[in-house]
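Residue strings, one per chain:
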Amino acid sequence: MSKRKRKHSRMHRVPQRRPGSAPGSITVDPSASPTSIRVLAFGPDRLEERDLADVEALVQVRGNWPVTWIDVAGLADTDTIQRIGAILDLHPLAVEDVLHTHQRPKVDYYGESCFVVARMLSREEIGRGEQFSMFLGPGFVATFQERAGDCLNPIRERIRAGRPRIRGAGADYLAYSILDAIVDEHFPVLEHYGERLEQLEDAVMANPERDVIRRVLEVKHDLVSMRRAIWPLREAVNELLRDGGRLLTEETKVYLRDTYDHTIQLIELTETFRELGASLMDVYLSSVAQRTNEVMRVLTMISTIFIPLTFLAGIYGMNFDVQTSPWNMPELRWRYGYPLTLLAMALVGVGLLFWFRRLGWIGYRVSAPRE
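Not measured: the values here are computed from a predicted model.

J.: Mind showing me how you'd approach helix H11 (residues 337–359) here?
T.: Along an α-helix, residues three or four apart share an orientation, since each turn contains 3.6 residues. The end-to-end C-alpha distance of H11 is 33 Å, a good match for the 33 Å that 23 residues give at a rise of 1.5 Å each. Turning to H11, its buried residues are Gly337, Thr341, Met345, Gly349, Leu352 and Phe356. Its buried side turned inward, H11 meets helix H10 (250–315).

J.: Could you clarify how one ought to interpret the packing of helix H7 (residues 171–184) against H10 in this entry?
T.: For any two helices packed against each other, the geometry is given by the interaxial angle and the distance between the axes. Axis separation between H7 and H10 bottoms out at 10 Å; the angle between their running directions is 15 degrees. Comparing the axis directions of H7 and H10 gives the class roughly parallel. Between H7 and H10 lies a crossing of left-handed hand. Here Asp172, Tyr173, Tyr176, Leu179, Asp180, Val183 and Asp184 of H7 come into contact with H10, specifically with Thr252, Tyr255, Leu256, Thr259, His262, Thr263 and Leu266.

J.: Mind showing me how you'd approach a negative patch on the surface here?
T.: Residues Glu191, Glu195, Glu198, Glu201 and Asp202 make up a contiguous surface patch of negative charge. Residue position: Glu198 is located in helix H8 (residues 186–206).

J.: Teacher, can you tell me more about the sheet that holds strand S1 (residues 36–42) here?
T.: Working definition: the strands of a sheet are paired by backbone hydrogen bonds and lie parallel or antiparallel to each other. Strand order in the open sheet formed by 7 strands is S2-S1-S3-S7-S6-S5-S4, and the pairing between neighbours is mixed. The open sheet terminates on both sides in strands that have one partner only, identified here as strand S2 (47–52) and strand S4 (106–110). Direction aside, neighbouring strands of the sheet carry axes that sit 15 degrees apart on average. Pairing of S4 with strand S5 (residues 113–121), which is carried by 5 bridges, proceeds in the antiparallel orientation. Bridge assignment links Lys106 to a residue of S5, and that residue is Val117. Across the sheet, H7 touches S1, strand S3 (67–73), S5, strand S6 (129–137) and strand S7 (140–145), and the angle it forms with S6 is around 165 degrees.

J.: Just to check I follow, could you spell out the pairing of S3 for this structure?
T.: If a strand is regular, its side chains alternate between the two faces of the sheet. Of all 7 residues in S3, 7 are buried; the element is thus mostly enclosed. Burial of the side chains of S3 extends over both faces: Val67, Trp69, Asp71 and Ala73 are buried on one face and Thr68, Ile70 and Val72 on the other. In terms of strand pairing, S1 meets S3 through 7 bridges, oriented antiparallel. Residue pairing for S3: Leu40 is matched across the bridge by Trp69. Pairing between S3 and S7: 6 bridges, direction parallel. From the neighbouring strand, Trp69 faces S7, where its bridge partner is Val141.

J.: Just to check I follow, could you spell out the environment of Val39 for this structure?
T.: When you line up the elements, Val39 lands in strand S1. Considered as a pair, Val39 and Ala142 are 103 residues apart in the sequence and their alpha carbons are 9.3 Å apart.

J.: Looking at this structure, how should I read the pattern of salt bridges?
T.: Two side chains bearing opposite charge may form a pair once their charged atoms approach each other closely. Following the criterion strictly, the structure yields 16 salt bridges and no others. Close ionic contact of Asp51 with Arg38 constitutes a salt bridge, the shortest N to O distance being 3.4 Å. On the criterion of sequence distance, the pair formed by Asp51 in strand S2 and Arg38 in strand S1 is long-range, its members being 13 residues apart. Notably, a salt bridge pairs Glu56 with Arg83, separated by 2.8 Å at the nearest N-O pair. Taken together, the positions of Glu56 in the loop between S2 and helix H2 (57–61) and Arg83 in helix H3 (residues 78–88) put the pair 27 residues apart, joining distant regions of the chain.

J.: Quick question: what am I supposed to make of H3 here?
T.: Of all the residues in H3, the buried ones are Thr78, Thr80, Ile81, Ile84, Gly85, Ile87 and Leu88. One or two positions beyond H3, positive phi appears at Asp89, with a value near 60 degrees.

J.: Just checking my understanding: could you explain the packing of H8 against H10 for this structure?
T.: Contact geometry for H8 and H10: axes closest at 10 Å, N-to-C directions at 15 degrees. Taken as axis vectors, H8 and H10 run roughly parallel relative to one another. Read as a crossing pair, H8 and H10 show a hand that is left-handed. For the pair H8 and H10, contact is made by His186, Phe187, Leu190, Gly194, Leu197, Leu200, Glu201, Val204 and Met205 and by His262, Gln265, Leu266, Leu269, Thr270, Phe273, Leu276, Gly277, Leu280, Val283, Tyr284 and Ser287, respectively. Its residues placed into classes, the contact of H8 with H10 shows 13 nonpolar, 7 polar and 1 charged.

Rules and cut-offs
Residues numbered from 1 in each chain as written. Predicted model: local features only at pLDDT ≥ 70, side-chain atom pairs only at ≥ 80, totals over all residues. Heavy atoms only, no water. Helix = DSSP H or I, 4+ residues; strand = E, 2+ residues; numbered from the N terminus. Expected span 1.5 Å × (residues − 1). Buried < 20%, exposed > 50% of the residue type's maximum accessible area, 1.4 Å probe, protein only. Contact = heavy atoms within 4.5 Å. Axes fitted to C-alpha atoms, helices over the stretch in contact; angles between N-to-C directions. Parallel < 35°, antiparallel > 145°, perpendicular 65-115°, else oblique. Left-handed = near helix turned anticlockwise from the far one by under 90°. Patch = residues over 30% accessible without salt bridge, like charges linked within 9 Å, V, L, I, M, F, W, Y side chains within 5 Å. Areas by Shrake-Rupley, 256 points an atom, 1.4 Å probe, with all protein chains shown as cover. Salt bridge = Lys/Arg side-chain N within 4 Å of Asp/Glu carboxyl O. Lys, Arg positive; Asp, Glu negative; His and termini not counted. Charge placed at Lys NZ, Arg CZ, Asp CG, Glu CD. Pairing = 2+ DSSP bridges. Nonpolar A, V, L, I, M, F, W, Y, C, P; charged D, E, K, R; others polar.

Pasting the structure below:
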């Protein structure tokens, strides 16, 4: 299976949960990446960062720090993820949504915690997307992603560098920073698609071939997928602003409003690029039709020129006997009948070409400049 087909099959795969299963039931995905856990626990003046080989160590870390970030990469170990859910008192339905990676971006509230789902893109691997799940609760943020590698390293570096804004704030500001980084990662990906569309626009105007239109359709397909992820993400951020009062401080809401503005910009860019892709399709079809018309025009002119020439050749190719009647082609007895006939054919052809040029069918007439 080609890379493109593998990508499409992943985008359109069916939910993993079997129909009729009990709520909260979990099905193991055989293609899931191995699970790793990293914990960043910090306050204004101290930081502890380590990888957890045993999930039970999380019990000792939780509650001893102002903010604890449980960062889980890979969803193969469902038992470990369920154990993390039990330690953090996460709702089983939310844990099920973490492992069933077909969710649309959303925000759900379960007791004292908030569950956020988003699509995370990668600027290094354009077209690669994965589900990103995040829990925000009292003093902790737990994030789950399908595989290692993400766009959150700048946030980790800010925490390690002891930046006072993020180290002195609560878990809600950390959750905002993570969500804002995921939203902002869409911009370079959209910029990549914008550059591709500009290149395809030049290609469509210069040489409208089938391969060009195939690439246009690929970009349109990817933009449709991004649109399906960005539209509900905007609603999710708006719901956080509207109903996240018990988990988000007013200062964090101010920053989150900026993230909401970014989602609107992403939607506008996506719609603009989708319209550009649709216009490229129209330009391609118009270019193909114009090229077909030009070919037909050339063939029509050639046919038009040769019709009278064929008429003349047909008349003088009938070979009547001039001795039987003086009306049987007396031109056959002329000394210069053959060259005169060729000259007449040449004059007819040149005259038609001159007429076509006067009509503007050949070349372009340049109008005189106005005084």
